[in-house]
Amino acid sequence: MEQNVIIQEGYTRLKKTRALFIVGLLSALVILIGIAVTLGSAGLTVGESYLAILAGLFPGIFSAPDLATTIVWDFRLHRVLFAVSSGFGLAVAGCVMQGILRNPLASPFTLGIASAAATGASIAIVLGAGVVGGEYLVIGNAFLFSLLAALAIYGMARYRGIGSETMVLAGIALMYLFSAVTSLLQYVGSAEQLQAVVFWMFGSVDKSSWPKLAIVALVLACTIPYLIYRAWDLNALAEGDEVAASLGVPVERSMAVHMMIASLITAVIICFTGTIGFIGLVAPHITRMVIGGDFPTLLPPPRPGGGLLPPSADSIARSVLAPQVLPVGIVTAFLGVPFFIYLFLHRRGA
Amino acid sequence: MVRLSVEDLSFAYRNHEVLRGVTFPVHAGEILGLVGPNGCGKTTLIRCVDGMLSPNGGKVMLEGRELGTMHRREVARAMAYVPQSAGNHTSSTVFETVLMGRRPYLNWTVNPDDEEKVVAALDLLDLGDLALRKVGELSGGERQRVMIARALVQETGVVLLDEPTSNLDVCHQMGVMEVLSSLAEEKGLAVVIALHDLNLAATYCHRLMVLSAGSVYGYGTPEEVLTEAMLRNVYGIEAVVKRDLPAPYMVPVRAGRLRGGA
């Protein structure tokens, strides 16, 4: 009996440690948002930034200089929040893909989804062809192509006998195929078109706006509660189809729905940002190394964890060569690649 | 009481027939060993019984109901499955891996009651000290006990095991079989277990079913089934079956030596 109490207490302690980790990440995120908002030529202090944010939220209670409020609300806050929600979303999408494909290397980028988005965008930019016209031509194409790539990957994953290693190989093959199409379009495009394609592919939050932020936030708000509700299925699926089915998971349906949601989240983010590499791959790994691989506890943390990366990277991107602004995709890769290599060298067991 | 019965089951991959007319019952408290050479259809049979494959003919009755008419969750509350080895979800703790067995009963949250069941199963399988370790850090025998603990918290009447001892040394093989024996006896579980080791099967199973090229070659107690003729006809080997031990025990003999020496 005494032993049982020890086990139960140990598990309760473990849960508390994880809760603390999540709270810690969230606090770091709130602080980072304040710091990220201060960066720029206007020379705002952290205090002024928070005051401007609060003044915008509760105009009756707080007040801040008009200039600070305008800079923060019109130019900076949506950019930082957009970076945060992109990171949230990409981290969750990566976490879900790694779970259902049972492969630690699965992510929107290793599966070729990001390359597909780039191809879609290039077609819109160079050929002017797309499903939706006008302002949303590029975004619509990027969105559609990333969903198509996800469908192709999923179709192959479910094809009888294809294992998870083959899946990643197929993803890499798709990535090359889409890159080749993009290169071809760049080759035939004019200098201006080439420049537009290259800038699109850099991955940046420069084009953020409140309406775009609202779209991303809406998709996340609709999908993430479902993913958390179904986190047990991810745990079971990670053990193999047979075990998952024996635990009562409708395997085919659950995989299809999860892949669809992860792809939708990815598509809706990268169609606005372009290629922001490595978050989908790395954020779930960092979290798993710290708190273990249990999806009901694993799914929430990659969001603040992933959320931290892009605004940090964006802050670095805006500071390193100030007043020049580096595209955030470049900086996330600079941060992500060394970590990825570290994982390769130090990964044990998992 | 019959917990699981398979009636005239047949299965084919495209045109290749893998199982033909397989029929057997499993009673509460009984361990049925599935034996036969590689490729005889053991794993396919288990996959048909757990509903992963749809048989071409015949039916599977689980607790008196036809498997095909039951919802996945209902099946999961009546029948558990233990794989050959732990999956690749090895960064989870032992506690959480076992807690997964409560999936058929869970929605949003885990109740204290669920956690108590996990604690009891860990205690029963002597895994208490490992509860917070990661599954990836455990030995093969310990992992296998974790998989069995997970099947236990599923609180089912039937447990299917697909060669659970094939990666284990003799000490751990016996440990796993002892646990299954006492669970069958104490909790009235009906256990179906695919095994390669005929002597281990004869020692622990109440009944054996020999599959040969997809058909049932023999079904009965180990004394009835484990014979020199069966070993010759099904496995194509010469062997001596010793009967002076508590369970029949087979010793393979190189054909030339048997002829020359006898």
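Bear in mind the structure is a predicted one, so any value in this text is a computation, not a measurement.

### Quick look at the overall build of chain A
Okay, step 1: Of the regular secondary structure elements, chain A holds 15 helices and 0 strands.
Okay, step 2: Within the span of chain A, comprising 350 residues, buried residues form 52% of the whole.
Okay, step 3: Within chain A, contacts between residues at least 6 apart in sequence are counted, and of these 73% link residues at least 24 apart.

### Examining the overall build of chain B
Okay, step 1: Scanning chain B for helices and strands turns up 10 helices and 12 strands.
Okay, step 2: Taken over the C-alpha trace, chain B has a radius of gyration of 19 Å; the compact-globule value for 262 residues is 18 Å, and the two agree within 12%.
Okay, step 3: Counting across all 262 residues of chain B, residues that qualify as buried make up 44%.
Okay, step 4: Pairs at least 24 apart in sequence give 66% of the contacts found in chain B among residues at least 6 apart.

### With respect to the sheet that holds strand 2 (residues 16-27) of chain B
Across a sheet, strands are paired by hydrogen bonds formed along the backbone, either parallel or antiparallel in direction.
Residue and element names in this part refer to chain B.
Okay, step 1: Pairing in this open sheet of 4 strands is antiparallel, and the strands run 2-1-4-5 from one edge to the other. In this open sheet, the two edge strands, each paired with only one partner strand, are strand 2 and strand 5 (65-66).
Okay, step 2: Along the sheet face, helix 1 (residues 42-49) touches strand 1 (2-13), strand 2 and strand 4 (57-62) and points at about 65 degrees away from the line of strand 2.

### A closer look at unusual backbone geometry
All names here are of chain B.
Okay, step 1: The backbone phi angle of aspartate 8 is positive, close to 50 degrees, even though this residue is not glycine.
Okay, step 2: Mapped onto the elements, aspartate 8 comes out in strand 1.
Okay, step 3: Its 12 C-beta neighbours within 10 Å are what place aspartate 8 among the exposed residues.
Okay, step 4: A positive phi is found at aspartate 126, a non-glycine position, where the angle reads about 60 degrees.
Okay, step 5: Along the chain, aspartate 126 falls in the loop between helix 4 (112-124) and helix 5 (140-153).
Okay, step 6: Among the residues examined, aspartate 126 registers 14 C-beta atoms within 10 Å and is labelled partly exposed.

### Description of the interface of chain B and chain A
Many authors give the size of an interface as the accessible area that is lost as the parts come together.
Okay, step 1: Contacts between the two partners involve 33 residues from chain B and, on the opposite side, 29 residues from chain A.
Okay, step 2: Breaking the side of chain B that touches chain A down by element, the ones donating at least two residues are helix 2 (72-78), strand 6 (79-82), helix 3 (94-99) and helix 4 of chain B.
Okay, step 3: The greatest single-element share of the side of chain B that touches chain A, amounting to 4 residues, is contributed by helix 4 of chain B.
Okay, step 4: Among the residues forming the side of chain B that touches chain A, the class breakdown is 14 nonpolar, 10 polar and 9 charged.

### Quick word on the domain arrangement of chain B
All names here are of chain B.
Okay, step 1: When its domains are assigned, chain B resolves into domain 1 (2-226) and domain 2 (237-262).
Okay, step 2: A straight line from the C-alpha centre of domain 1 to that of domain 2 covers 31 Å.
Okay, step 3: With 7 residues of domain 1 at the interface, the matching set in domain 2 holds 5 residues.
Okay, step 4: Where the side of domain 1 that touches domain 2 is concerned, the elements lending two or more residues are helix 7 (198-204) and helix 8 (222-225).
Okay, step 5: Considering each element in turn, the side of domain 1 that touches domain 2 owes the most residues, 4 residues, to helix 7.
Okay, step 6: Here the side of domain 1 that touches domain 2 is built from residues that sort into 4 nonpolar, 2 polar and 1 charged.

### Concerning the sheet that holds strand 7 (residues 158-162) of chain B
All names here are of chain B.
Okay, step 1: Spatial ordering of the open sheet is given by 6-7-8-3-9-10, a layout of 6 strands whose pairing is mixed. Edge positions in the sheet fall to strand 6 and strand 10 (215-220), since each of these pairs with one other strand and no more. Neighbouring strand axes in the sheet, compared pairwise and without regard to direction, differ in orientation by 15 degrees on average.
Okay, step 2: Two strands pair when backbone bridges link them, and strand 6 and strand 7 are joined in this way by 4 bridges, in the parallel orientation. Counted as the bridge partner of alanine 80 is valine 159 from strand 7.

### Digging into the packing of helix 4 (residues 113-127) of chain A against helix 5 (residues 137-158) of chain A
All names here are of chain A.
Okay, step 1: Closest axis-to-axis distance for the helix 4/helix 5 pair is 7 Å, and the angle between their directions is 145 degrees. Handedness of the helix 4/helix 5 crossing: right-handed. Contact with helix 4, carried on its side by Ile113, Ala116, Ala117, Thr119, Gly120, Ala121, Ile123, Ala124 and Ile125, involves Leu137, Val138, Asn141, Ala142, Leu144, Phe145, Ser146, Leu148, Ala149 and Ala150 of helix 5 and no other residues of that element.
Okay, step 2: In terms of residue class, the contact of helix 4 with helix 5 is made up of 15 nonpolar, 4 polar and no charged.

### Examining the nonpolar core
Okay, step 1: Ranked by size, the top nonpolar core spans 177 residues in total, and within it Val96 and Ala117 of chain A together with Val98, Leu122, Ala149 and Val191 of chain B carry the most contacts.
Okay, step 2: When residues in this core are grouped by element, the largest group, 18 residues, is from helix 3 (residues 66-100) of chain A.
Okay, step 3: With residues up to four places along the chain from it excluded, the contact list for valine 96 of chain A reads Leu227, Leu234, His258, Ile261 and Ala262 of chain A.

### As for the pairing of strand 4 of chain B
Residue and element names in this part refer to chain B.
Okay, step 1: By the bridge criterion, 5 bridges tie strand 1 to strand 4 in an arrangement that is antiparallel. Across the sheet, serine 10 pairs through a bridge with glycine 57, a residue of strand 4.
Okay, step 2: Here strand 4 folds back onto strand 5 in antiparallel fashion, the turn holding 2 residues, of which glutamate 63 has a positive phi close to 50 degrees.

### Description of the environment of serine 54 of chain B
Residues and elements named next belong to chain B.
Okay, step 1: Relative to the helices and strands, serine 54 resides in the loop between helix 1 and strand 4.
Okay, step 2: For serine 54, a count of 10 C-beta atoms within 10 Å gives the class exposed.
Okay, step 3: In this structure the C-alpha to C-alpha distance between serine 54 and threonine 165, which are 111 residues apart in sequence, comes to 27 Å.

### Focus on the packing of helix 1 (residues 2-38) of chain A against helix 2 (residues 46-57) of chain A
Residues and elements named next belong to chain A.
Okay, step 1: Put simply, helix 1 and helix 2 touch, their axes get as near as 8 Å, and they point 105 degrees apart. With respect to helix 2, the axis of helix 1 lies roughly perpendicular. Residue-level inspection shows Gly34, Ile35, Val37 and Thr38 of helix 1 in contact with helix 2, the latter providing Val46, Ser49, Tyr50 and Ile53.

### What to know about helix 5 of chain B
Okay, step 1: Its 14 residues give helix 5 of chain B an end-to-end C-alpha distance of 20 Å, which sits within 8% of 20 Å, the value for a rise of 1.5 Å per residue.
Okay, step 2: In this structure, the buried residues of helix 5 of chain B make contact with strand 6, helix 3, helix 4, strand 7 and helix 6 (170-187) of chain B.

### Details of the environment of valine 192 of chain B
Residues and elements named next belong to chain B.
Okay, step 1: Within the secondary structure layout, valine 192 lies in strand 8 (residues 190-194).
Okay, step 2: Taking the C-alpha atoms as reference points, valine 192 and isoleucine 46, 146 residues apart in sequence, are found 8.5 Å from one another.
Okay, step 3: Residues in contact with valine 192, not counting those within four places in the same chain, are Leu4, Val26, Leu32, Leu34, Val49 and Leu160.

### So, the pairing of strand 8 of chain B
Residue and element names in this part refer to chain B.
Okay, step 1: With respect to burial, strand 8 is a largely interior element, 5 of its 5 residues being buried.
Okay, step 2: Burial along strand 8 is two-sided: Ala190, Val192 and Ala194 facing one way and Val191 and Ile193 facing the other are all buried.
Okay, step 3: Pairing between strand 3 (residues 31-35) and strand 8: 4 bridges, direction parallel. When the sheet's bridge partners are listed, leucine 34 is paired in strand 8 with alanine 194.
Okay, step 4: Running through helix 6, the crossover from strand 7 to the neighbouring parallel element strand 8 is right-handed.

Conventions and cut-offs
Residues numbered from 1 in each chain as written. Chains lettered and ligands numbered in written order. Predicted model: local features only at pLDDT ≥ 70, side-chain atom pairs only at ≥ 80, totals over all residues. Helix = DSSP H or I, 4+ residues; strand = E, 2+ residues; numbered from the N terminus. Buried ≥ 20, exposed ≤ 12 C-beta atoms within 10 Å, placed from the backbone. Contact = placed C-beta atoms within 7 Å. Rg over C-alpha atoms; globule rule 2.2 N^0.38 Å. Pairing = 2+ DSSP bridges. Axes fitted to C-alpha atoms, helices over the stretch in contact; angles between N-to-C directions. Nonpolar A, V, L, I, M, F, W, Y, C, P; charged D, E, K, R; others polar. Domains from an automatic or database assignment. Left-handed = near helix turned anticlockwise from the far one by under 90°. Core = buried A, V, L, I, M, F, W, Y, C linked by C-beta atoms within 7 Å. Parallel < 35°, antiparallel > 145°, perpendicular 65-115°, else oblique. Expected span 1.5 Å × (residues − 1). Right-handed = clockwise from strand over helix to strand, strands pointing away.

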